[in-house]
Amino acid sequence: MSSSSDVVVIGSGVFGLFVAWELAKNGRSVVVLDRAPVGTEASGWALGRLDPLLRGSGSTGETEQDLPAGHIAKPEAQQELALLSYNAHREMSDEIEDVSGIDIQVDEQPTLQLFYSQEERDFGAEYASIWSEMGFKSELVSADQIRSMDQRILTTEFGGVLVQGPYFIDSLNFVKALAACAKAAGARLETASVSSIEDTGGGGVIVHTDQGHYDANTAIIAAGPWSTELAKPFGVDLPVHPSKGEILRLQPPEGEGFGMHVHGPCSLVNKKDGLVWVAASAADSGFDRTPTDGAEKQLLEYARTMMAESANWPIAQHTVCFRPATPDDLPIVGSVSDNVLVATGGGGSGIVQCLFVGRQVEKMVTAGESEPAATMISMSRFGQ
Ligand SMILES: Cc1cc2nc3c(=O)[nH]c(=O)nc-3n(C[C@H](O)[C@H](O)[C@H](O)COP(=O)(O)OP(=O)(O)OC[C@H]3O[C@@H](n4cnc5c(N)ncnc54)[C@H](O)[C@@H]3O)c2cc1C
């Protein structure tokens with residue numbers, strides 16, 4: 001079988017689908033290829049936290065390790081992208097729901113960042129005022145104030161900061177909604193496993209799959225942590241690797257749920273599905289999909305330090321997925337050859353970043369540029 005279109009997108013995760021939607025809306029014929037159903041990988045299993053401000057518990061990049069002790073905010077290099085991406089969600093969530101007819105389960109609940117040291121409290125005080133100036137209501141709270149919000153929350157003498165702004169969506173519904181939006185704009189979604197991509201120069205690209213080949217003017221590799229393999233034949237060594245993330249979903253007893261995202265050693269949040277999500281672990285163990293006892297034990301221990309009883313609630317689900325991780329925890333967008341682009345590297349924040357990244361990629365295709373205008377996500381920062 002063979003097929004031809006303006007653009008072939010490889011990967012129906014959030015990165016690929018949003019690019020596909022943008023391109024289809026702008027009149028391009030687009031085919032999205034994936035070997036698995038929509039939402040099979042990280043885009044369907046992520047926590048769904050859209051947070052422009054605080055560090056993520058599963059971040060693994062080198063930048064994270066350079067931060068001073070107690071630093072609760074995102075590293076400076078990630079702040080601009082985080083805010084632009086968050087604002088894009090705020091602008092688009094109604095449209096995504098309207099066009100797709102899918103409820104992405106926008107879930108506004110305050111975030112309580114717990115402090116475990118004086119350094120964290122000092123950083124918290126500094127950032128609470130910065131965040132408030134940015135329009136995100138943030139207030140330092142004492143241990144007593146935390147106990148009065150919910151006496152089950154375990155706090156140290158250093159208290160915490162209560163922030164309004166970060167919120168949650170359901171990742172699986174979100175990625176399905178993006179698929180529906182892309183289809184509504186005319187994109188075709190097909191099941192095919194891509195084995196290689198051939199750039200024929202003036203003639204565009206041929207994408208080889210187990211279902212035959214697909215001809216197009218442009219191919220976009222948006223295959224999450226598998227993008228590295230697809231880019232290799234072009235002589236590009238993408239610094240993207242799989243960071244394994246495990247999440248527990250706990251079933252709280254009837255009436256014992258809670259209404260704020262508690263953030264300490266990881267996230268503890270009662271989502272709209274009624275379950276309490278404990279997220280997430282991070283490990284470099286390739287593409288091993290096995291849920292581990294080690295991660296389960298660690299996540300329950302983290303949960304216990306934030307709300308003791310939660311660690312005894314039954315585990316309703318234990319999931320595994322892979323972050324497309326980069327050394328600086330920022331996405332990678334650029335050309336690997338004349339007609340082949342790559343868009344990956346969302347790491348632990350790809351759900352929030354995908355709208356901003358997708359718009360950049362759409363502009364590159366339309367304008368024929370090899371690099372995104374937003375240099376912070378450009379592949380050239382790694383000398384590629
Ligand atoms: C535990 C965990 C929690 C997270 N929580 C959050 C969060 O709260 N907030 C947030 O913003 N982000 C979060 N993330 C990050 C986010 O999930 C990812 O960054 C994002 O989903 C990556 O999207 P993607 O489209 O690049 O890749 P993926 O979702 O991995 O999609 C890639 C697709 O490419 C397909 N594919 C790969 N190779 C081929 C091939 N050869 N042929 C055909 N198809 C192929 C795969 O089947 C897959 O569907 C989390 C990640 C993890 C692991």
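Please refer to the structure placed before this passage.
Throughout this description, residue numbers start from 1 for each chain and increase along the sequence as written. In keeping with the predicted nature of the model, local features appear solely for residues at pLDDT of at least 70, side-chain atom pairs appear and are counted solely at 80 or more, and the whole-chain, interface and lining totals rest on all residues. Excluding hydrogens and water, the side-chain values take into account all heavy atoms of the structure.

A.B. asks: What am I meant to see in empty space enclosed by the protein here?
C.D. replies: Empty space among the atoms becomes visible once a probe the size of a water molecule is rolled across them. Within this scheme a cavity is a closed region of a 1 Å grid, computed over the protein atoms alone, that accommodates a 1.4 Å probe without allowing it to escape, whereas a pocket is open but has protein on both sides within 12 Å along at least five of seven lines; lining residues each have an atom within 4 Å of a point. Grid points are joined across faces, edges and corners, and a volume is the space filled by probe spheres set on the points. A full pass over the atoms with the stated rule returns one cavity of 30 Å³ or more. As for the largest cavity, its lining consists of Lys-74, Gln-78, Leu-81, Ala-82, Asp-329, Leu-330, Ser-349, Val-352 and Gln-353. No other element matches the three residues that helix α4 (residues 76–100) contributes to the lining of the largest cavity. Each residue belonging to the lining of the largest cavity can be placed in one class, and the counts come to four nonpolar, three polar and two charged. By definition, any uninterrupted DSSP run of H or I lasting at least four residues is a helix, any uninterrupted run of E lasting at least two residues is a strand, and each is numbered from the N terminus. Under the grouping applied here, Gly and all other residues not named as nonpolar or charged are polar, the nonpolar ones being Ala, Val, Leu, Ile, Met, Phe, Trp, Tyr, Cys and Pro and the charged ones Asp, Glu, Lys and Arg.

A.B. asks: How should the site of the ligand be read in this particular structure?
C.D. replies: The cutoff for a nearby residue is simple: one of its non-hydrogen atoms must lie within 4 Å of the molecule or strand. Every one of the 35 residues lining the ligand counts as a neighbour, but Asp-34, Ser-43, Arg-49, Gly-347 and Val-352 are closest to it. Polar contact is defined as a pair of N or O atoms within 3.5 Å, subject to the rule that within protein one atom must be able to donate a hydrogen and the other to accept it, and that residues adjacent in sequence are counted only when both atoms are side-chain atoms. Contact distances for the ligand include 3.1 Å between an oxygen atom and a backbone N or O atom of Gly-48. Ile-351 places a main-chain nitrogen or oxygen 3.0 Å from an oxygen atom of the ligand. Note on areas: Shrake-Rupley, 1.4 Å probe, and residue coverage restricted to the protein chains presented here. Relative to its unbound accessible area of 1000 Å², the ligand is 97% covered by the protein chains. Residue assignment for the shell around the ligand shows that the elements contributing at least two residues are α1 (14–25), α2 (42–45), β12 (241–250), β16 (315–325) and α10 (350–367). The element contributing the most residues to the shell around the ligand is β16, with four residues. For the shell around the ligand, a count of residues per class yields 18 nonpolar, twelve polar and five charged.

A.B. asks: Help me understand the packing of aromatic side chains in this model?
C.D. replies: How two aromatic rings sit relative to each other is set out by the distance from centre to centre and by the angle between their planes. In summary, the pairing rule links any two rings of Phe, Tyr or Trp, Trp by its six-membered ring, whose centres are within 6.5 Å, and it sorts them by plane angle into stacked for under 30 degrees, edge-to-face for over 60 and tilted for everything else. Under the definition given, this model contains seven aromatic pairs. The interplanar angle of 40° and the centroid separation of 5.5 Å between the aromatic rings of Tyr-127 and Trp-131 together place this pair among those described as tilted. Of this pair, Tyr-127 and Trp-131 are both found in helix α5 (residues 118–133), four residues apart, which corresponds to roughly one turn of the helix. Comparing Tyr-127 with Trp-131, the two get one shared label, buried. Aromatic pair Trp-226 and Phe-322: ring centres 6.3 Å apart, planes at 90°, arrangement edge-to-face. Separated by 96 residues along the polypeptide, Trp-226 in the loop between β11 (212–221) and α8 (227–231) and Phe-322 in strand β16 bring together distant segments of the chain. With respect to class, Trp-226 is no different from Phe-322; both count as buried. Every member of this aromatic cluster is reached through a ring pair, and the members are Tyr-86, Phe-136 and Tyr-167. For a lysine, the NZ atom is tested; for an arginine, the CZ atom; a charge sits over a ring if that atom is within 6 Å of the ring centre and within 35 degrees of the ring normal. Across from the ring centre of Trp-226, 5.2 Å away, lies the NZ or CZ of Arg-35, which sits over that ring. Lys-271 extends its terminal NZ or CZ atom over the ring of Trp-277, reaching a point 4.4 Å from the ring centre. In this scheme, a residue with accessible area under 20% of its type's maximum is buried, one over 50% is exposed, and one in between is partly exposed, where area comes from a 1.4 Å probe on protein chains only.

A.B. asks: I'm lost on the pattern of salt bridges in this one. Help?
C.D. replies: Pairs can form between side chains of opposite charge whenever their charged atoms are close. Here, a salt bridge means any side-chain nitrogen of Lys or Arg that lies within 4 Å of a carboxyl oxygen of Asp or Glu. Taken as a whole and assessed by the stated rule, the structure comprises 14 salt bridges. We note a salt bridge from Lys-232 to Glu-229, for which the minimum N-O separation is 3.0 Å. Judged by its relative accessible area of 43%, Lys-232 falls in the partly exposed class. Here Lys-244 ties to Glu-246 by a salt bridge, and the two come within 4.0 Å at their closest N and O atoms. Both residues of the pair, Lys-244 and Glu-246, count as buried. Several salt bridges converge on common partners, so that one network encompasses Glu-22, Lys-25 and Glu-95.

A.B. asks: Just to check I follow, could you spell out the nonpolar core for this structure?
C.D. replies: Counting 62 residues, the largest nonpolar core has Ile-96, Trp-131, Phe-174, Leu-178, Ile-220 and Val-361 as the members making the most contacts within it. Filtering out sequence-adjacent residues up to four positions away, Ile-220 remains in contact with Val-7, Val-8, Val-9, Ile-10, Val-19, Leu-23, Leu-341, Ala-343, Val-361 and Val-365. Each nonpolar core is a collection of buried residues, namely Ala, Val, Leu, Ile, Met, Phe, Trp, Tyr and Cys, held together in the definition by side-chain atoms within 4.5 Å. If you look at the next biggest cluster of nonpolar residues, it comprises 27 residues, including Val-8, Ala-216, Ile-221 and Leu-230. In this description, contact between two residues means that some pair of their heavy atoms is separated by no more than 4.5 Å.

A.B. asks: What should I look at first to understand the pairing of strand β10 (residues 205–209) in this one?
C.D. replies: If a strand is regular, its side chains alternate between the two faces of the sheet. Here β10 shows a clear split, with Val-205, Val-207 and Thr-209 buried on one side and none of Ile-206 and His-208 buried on the other. Across five bridges, the pairing between strand β9 (residues 194–199) and β10 is antiparallel. Note that in β10 the partner of Glu-198 across the bridge is Ile-206. Looking at chain direction, β10 and β11 are connected through five bridges and run antiparallel. We treat two strands as partners when DSSP finds at least two bridges between them.

A.B. asks: I tried to follow the sheet that holds strand β13 (residues 261–263) on my own but got confused; where do I start?
C.D. replies: What links the strands of a sheet is backbone hydrogen bonding, and the strands pair in either a parallel or an antiparallel sense. Strand order in this open sheet of eight strands is β5-β6-β4-β13-β14-β15-β12-β16, and the pairing throughout is mixed. Either end of the sheet is taken by a strand with one partner, and the two such strands are β5 (138–141) and β16. The mean angle between the axes of side-by-side strands here comes to 20°, regardless of whether they run parallel or antiparallel. Across two bridges, β13 lies against strand β14 (residues 267–270) in antiparallel orientation. Along β14, the bridge assignment pairs His-263 with Ser-267. Taken strand by strand, α5 contacts β4 (111–114), β5 and β6 (160–163), and its axis lies near 155° from that of β5. Here an angle of 0 to 180 degrees is reported between the N-to-C directions of two axes, which are lines fitted to C-alpha atoms, with helices fitted over the stretch in contact. Packed onto the sheet, helix α9 (residues 293–306) meets β4, β12, β13, β14, β15 (276–279) and β16 and runs at close to 55° relative to β12.

A.B. asks: Hey, could you run me through helix α7 (residues 171–184) in this one?
C.D. replies: Because an α-helix packs 3.6 residues into every turn, residues spaced three or four apart end up facing the same way. Here, expected helix span is obtained from the residue count minus one, scaled by 1.5 Å. Here α7 spans 20 Å end to end across 14 residues, near enough to the 20 Å set by a 1.5 Å rise per residue. By the burial criterion, the buried members of α7 are Ser-171, Phe-174, Val-175, Ala-177, Leu-178, Ala-179, Cys-181 and Ala-182. Summarising the contacts, the buried residues of α7 are in contact with α1, α2, α4, β8 (188–191) and α10. The N-cap of α7, judged by a side-chain oxygen 3.3 Å from the amide nitrogen of Leu-172 a few residues on, is Asp-170. Following α7 by one or two positions, Gly-186 adopts a phi angle in the positive range, close to 110°.

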